[in-house]
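One-letter residues, chain by chain:
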Amino acid sequence: MAACGLLTPSQEPVPLQSISVDVMVQGFVADVVSKLQYKNEEKNPVEVIFVFPVDDEAAVYAFEGLIGGTRIEAQIQEKKQAEQEYDDALSEGRQAFLLEKEETSDIFRCSLGNLPPDGEATLKLCYVQALAPEPDGAVRFVLPAVLNPRYVPQGSKEGTVTKSMPRVPRGKLPYTLALSAKLESPYRINRVESKCNLEPLHFTAEDHSTALISLAKGHQFDQDVELLIYYEDVHKPSALLEAGKPGAASGSLMGDPALLLTLYPSFQATKPECSATKEFIFLLDRSGSMSVVNYRSHSLTRIESAKETLILLLKSLPLGCYFNIYGFGSTYDSFYPQSVKYTQQTMSESLQSVKKLKADLGGTEILTPLKAIYSQPCQEGHLRQLFVFTDGEVSNTKEVIDEVKRHSNSHRCFSFGIGDGASTALIKGIARAAGGSYEFITDQERIQVKALQSLKKALQPAVTQISLNWDLPSGLEGVLVGSGPQVIFEGQRCLIYANIRGQHQSSDSPEGTVILQYNFQDQTFTETMKFPLHAEKRDRLPVHRLAAQFLLQQLETGTEEEVEKQRLALETSLSSGVMCSQTAYIGVNMELNKPVQGPLLHRVVPLPRIGAARKSYKATAFQGGGVRKFVLGAASSFSSSSPFKMNRIKATAVNPFEEELYLGCSLAIPKESPFLSLVSLQNADGSWALDSELAKILALKEATISSKIPPLATQHTWATVLAILWLHSHAADQRDEWELLKAKALDWLHANAGPELSQCVMAGNALLNSCVSLQAFRL
């Protein structure tokens, strides 16, 4: 549907008509071209502002406009200079457009000024992005659509670009989106999945190395667009050499050939190190937005899902480690003044406290609880592992990342972005700063799976002692861009960038070789990758742009006092064309002979409302205490199958500067699943007790279970075997969530059960009518 004539809630026409996106995905790299099409249907010239998110690892390298038939290529400049040039152009009646980025953020602001009445314009934005794999091996491309409001910490003098953004209900955006993707890969393409409706995948090569995919028509750009691309043999390392930019100086990042090494190691499944020499701290977002429910999937609220996740994490911890749980919003609290030893008592106490948690702490102030955590001394001999769960956005992302980085020598950080629109700058930034990993979890996914995957990483030894050795012809050398990787986790993709410098003296060696060596679980591994020295010429220079972005991320993570790093960041941005917080793209129509006449109208492109109620709700607003509160009366349009009891719904904006509406629901108290009930009964040492609660889950009488205990077996051994058999038989689809629990239980069984274990397994299969093999018990 065309956007002509559609109005925002303030009854102002929206000049942005449509967005079209073309994506080229090559292995772990996506090259994206976005076109924004505008038309001014008003009687006066307009200035249009469009604020949107882009993944923080994306390297924006080109911006151009087609205005009134004139093609204008924007130039990258220092931000203040670009802003001044844009303002001057508008005051002179010239057409101009500006693209700038918030400091250390994934928020971009696109301004198009002096679009005359009936005038049309197309702005084209180009960026390249490195893609990360999901736990199941899928390579994930996301086109962000949802821009959540940024919480402004108390006492902050700065506002946020999102505070005045107009919002419209989901499904009512006055502009459309079309997206098509071309897939090319050295790996065979298996399939593509998405939570959005897609046209059928069309393979364009017999070996399935190339394919085309696109969004189904009618897509509303009110949710992040996600493509999950499944390759075959994806763990094979690869090397790609790209020729330098013509005319750029030899010896520079852009002038020399750039090499991209892709390492995605996969090791034989190893038993997690259930070592007690670790400290686990869980930092959970308890702000108001965690009460959001995803109505499409009829899932639990985010806080309920997070509570289930905490229970699973608690039960999976190794006996004897240290742990603590913090909650944060506008304020914060913790279960214990400092981390405590993991025992049966502390685990049971914490389990009861977790079940009482609510999303009742207001805003999203994450810096203060982080400082409180770091102020606590680390337990001697226990490596600290910090898990951060948040769906919120903050305006002080750089301060948060810098705080984590300052303490990177004493801990690793694992971060989780919950829901559409999670800040990639925040989630990825804190994980990178402390050598951990990050995950993004939509409202249609289970937090539990990815959280347990990260706990496995925290328990396992990672790839360390990574080194590169070069075998190049005389006259050539390989030089890393930025600092190389320090650690790689199982299932984590690693991209390494280097320049090949010098002059090739001989034509006898058409290939170069790089040897990557690393350690994993006291074993040394070697990967040898060959690449042709005849570098591939590419107009867009995606490898060079990604290398520049990687270097900029390292240079811009630091304090303002590090003047030399700021200078190098500015130089790198200007020479590479990759935007950073200090630069912006500016384009001015210098061919316009006559200035645009008339008063300039300002129009801000609306974004989808976050957590919005259905249109059948009726909202009443009242002012109180500097914070706007909204009371929504619920209509009776929910089906009888809905798990919610919709009575009165209250939602309070969590910040006086943010008027975003977060929908908190009065839910029927969810009944605990048999799976979670069984997990809750497990003891801290990994065993289960034989009691009436276990019998209820097994759907047997306690006396019947007791009467079938094999000779010489203890009640705890028998109960633990039955619990594991039940998991295999009744929760096979949740295996990723109970693997660590089972590993703990098996450790206990092998230490305590003795030779009766095999007999217990066979007797348990008979009692429960299951057929779990002895191998499942390491027998």
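Everything quoted here is computed from the prediction, not taken from an experiment.

Caption draft 1: Geometry of the overall build of the chain. Across its full length, the chain carries 15 helices and 37 strands. Counting across all 779 residues of the chain, residues that qualify as buried make up 57%. Carbon and sulfur atoms make up 49% of the accessible area of the chain, which totals about 32,500 Å².

Caption draft 2: Structural detail: the side chain of T583. Relative to the assigned elements, T583 resides in strand β32 (residues 583-588). Within polar-contact distance, the side chain of T583 engages the side chain of S573 at 2.8 Å. Beyond its immediate stretch of four places on either side in the chain, T583 contacts I76, Q77, E78, K79, L570, S573, L574 and V578.

Caption draft 3: Local environment of the sheet that holds strand β30 (residues 511-520). Reading across from one edge, β27-β30-β31 is the order of the three strands in this open sheet, with antiparallel pairing throughout. The two strands at the open ends of the sheet, each matched to only one other strand, are β27 (464-471) and β31 (523-532). On average, each strand axis in the sheet is tilted by 15 degrees relative to the strand beside it, whichever way the strands run. In terms of strand pairing, β27 meets β30 through six bridges, oriented antiparallel. Looking at the pairing, D471 lines up with T513 of β30.

Caption draft 4: A look at the packing of helix α8 (residues 542-556) against helix α9 (residues 563-576). The interhelical angle for the contact between α8 and α9, taken along N-to-C directions, is 160 degrees, at an axis separation of 9 Å. As far as their axial angle goes, α9 and α8 are roughly antiparallel. Our pair here, α8 against α9, has a crossing hand that is left-handed. Counted together, R545, A548, L551, L552, Q554, L555 and E556 of α8 and K565, Q566, L568, A569, T572, S573 and S576 of α9 form the full contact between these two elements. Residues that form the contact of α8 with α9 fall into these classes: six nonpolar, five polar and three charged.

Caption draft 5: Spatial organisation of helix α7 (residues 447-459). Over its 13 residues, α7 extends 18 Å from the first C-alpha to the last, a length consistent with the 18 Å expected when each residue adds 1.5 Å. The element α7 is largely enclosed, with a buried count of 12 among its 13 residues. Within the sequence span of α7, burial applies to I447, Q448, K450, A451, L452, Q453, S454, L455, K456, K457, A458 and L459.

Caption draft 6: Examining the packing of helix α13 (residues 715-730) against helix α14 (residues 735-752) more closely. Relative to each other, α13 and α14 sit at 155 degrees, their axes nearing to 11 Å. Between α13 and α14, the angle falls in the class roughly antiparallel. Handedness of the crossing formed by α13 with α14: left-handed. Across the interface between the two elements, H716, T717, T720, V721, I724, L727 and H728 from α13 touch R735, W738, K742, A745, L746, W748 and L749 from α14.

Caption draft 7: A look at the sheet that holds strand β14 (residues 189-193). Spatially, β10-β11-β17-β14 is the arrangement adopted by the four strands of the open sheet, whose pairing is antiparallel. Two strands in the sheet have a free side with no partner beyond their single neighbour: β10 (132-133) and β14.

Caption draft 8: Local environment of a nonpolar patch on the surface. Taken together, the side chains of M762, L774 and L779 define a hydrophobic patch exposed on the protein surface, amounting to about 260 Å² of accessible area. You can see L774 is positioned in the segment after α15 (757-768).

Caption draft 9: Spatial organisation of the environment of Y518. Mapped onto the fold, Y518 is located in strand β30. Sequence separation between Y518 and S467 is 51 residues; the distance between their C-alpha atoms is 6.5 Å. Polar contacts involving the side chain of Y518 include one to the side chain of E527, which spans 3.2 Å.

Caption draft 10: Fine view of the pattern of salt bridges. Taken as a whole, this structure holds 32 salt bridges when the rule is applied. Note that R71 is salt-bridged to E64, the shortest N-O span being 2.9 Å. For E64, a relative accessible area of 18% puts it in the buried group. The structure contains a network of salt bridges with shared partners spanning D55, D56, E57, K428 and R432.

About the criteria used
Residues numbered from 1 in each chain as written. Predicted model: local features only at pLDDT ≥ 70, side-chain atom pairs only at ≥ 80, totals over all residues. Heavy atoms only, no water. Helix = DSSP H or I, 4+ residues; strand = E, 2+ residues; numbered from the N terminus. Buried < 20%, exposed > 50% of the residue type's maximum accessible area, 1.4 Å probe, protein only. Areas by Shrake-Rupley, 256 points an atom, 1.4 Å probe, with all protein chains shown as cover. Polar contact = N/O pair within 3.5 Å; in protein donor to acceptor, adjacent residues only side chain to side chain. Contact = heavy atoms within 4.5 Å. Pairing = 2+ DSSP bridges. Axes fitted to C-alpha atoms, helices over the stretch in contact; angles between N-to-C directions. Parallel < 35°, antiparallel > 145°, perpendicular 65-115°, else oblique. Left-handed = near helix turned anticlockwise from the far one by under 90°. Nonpolar A, V, L, I, M, F, W, Y, C, P; charged D, E, K, R; others polar. Expected span 1.5 Å × (residues − 1). Patch = residues over 30% accessible without salt bridge, like charges linked within 9 Å, V, L, I, M, F, W, Y side chains within 5 Å. Salt bridge = Lys/Arg side-chain N within 4 Å of Asp/Glu carboxyl O.

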